[in-house]
Amino acid sequence: MTDRDDFLAWVSTALYQAELALHNGDPAPRRALWSREEPVSVLGAWRSAHGQAELDELFTALGNSFSECTSYTFELQAYDLMGDMAYTAGLEHTSASVDSEPRTYTLRATQVYRREDGAWRVVHRHADTANE
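Residues numbered from 1 in each chain as written. Predicted model: local features only at pLDDT ≥ 70, side-chain atom pairs only at ≥ 80, totals over all residues. Heavy atoms only, no water.

This part covers the environment of L55. Turning to its location among the elements, L55 is positioned in helix α3 (residues 52-65). Separated by 43 residues in sequence, L55 and S12 place their C-alpha atoms 23 Å apart. (Helix = DSSP H or I, 4+ residues; strand = E, 2+ residues; numbered from the N terminus.)

Right, dumping it as structure tokens:
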């Protein structure tokens, strides 16, 4: 397997499972995939964060808001890998309850990753609602 193959396999397994868990109310798998090194940041569709403490608060709040995910898919539109840095850009299609209200929505999401000690870690996320 090439580095690109390994990266795509990680995106479609570990990263996917972490996002699915978050949308079912469990932020721990997502947090585990994020870097513990600065800088880290989120420019989110609902809320933003910068630094470890704000990231922890954000992921906890999202976990408390989400539940009952009936569908989550990530439609990868572009990606690249350059040494120990990578990015993905795509559409996240989600059906889940947000604050106990069923919702279906699509986010445009771009993420940046850094390889740390041989493992990919998320360092930045930007997401906003897609106008379909």
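Moving on: the packing of aromatic side chains. Applying the stated rule across the entire model yields nine aromatic pairs. Note on W46 and Y105: the rings are 5.3 Å apart at their centroids and 65° apart in plane angle, and the pair reads as edge-to-face. Here W46, found in the loop between β1 (41-43) and β2 (48-50), pairs with Y105, found in strand β5 (residues 101-116); they are 59 residues apart in sequence, far enough to count as distant. Ring pairs connect the aromatic residues F7, W10, Y79, Y113 and W120, which therefore count as one cluster. (Phe/Tyr/Trp six-rings, centres within 6.5 Å; stacked < 30°, edge-to-face > 60°.)

None of this, on its own, says anything about what the molecule does.
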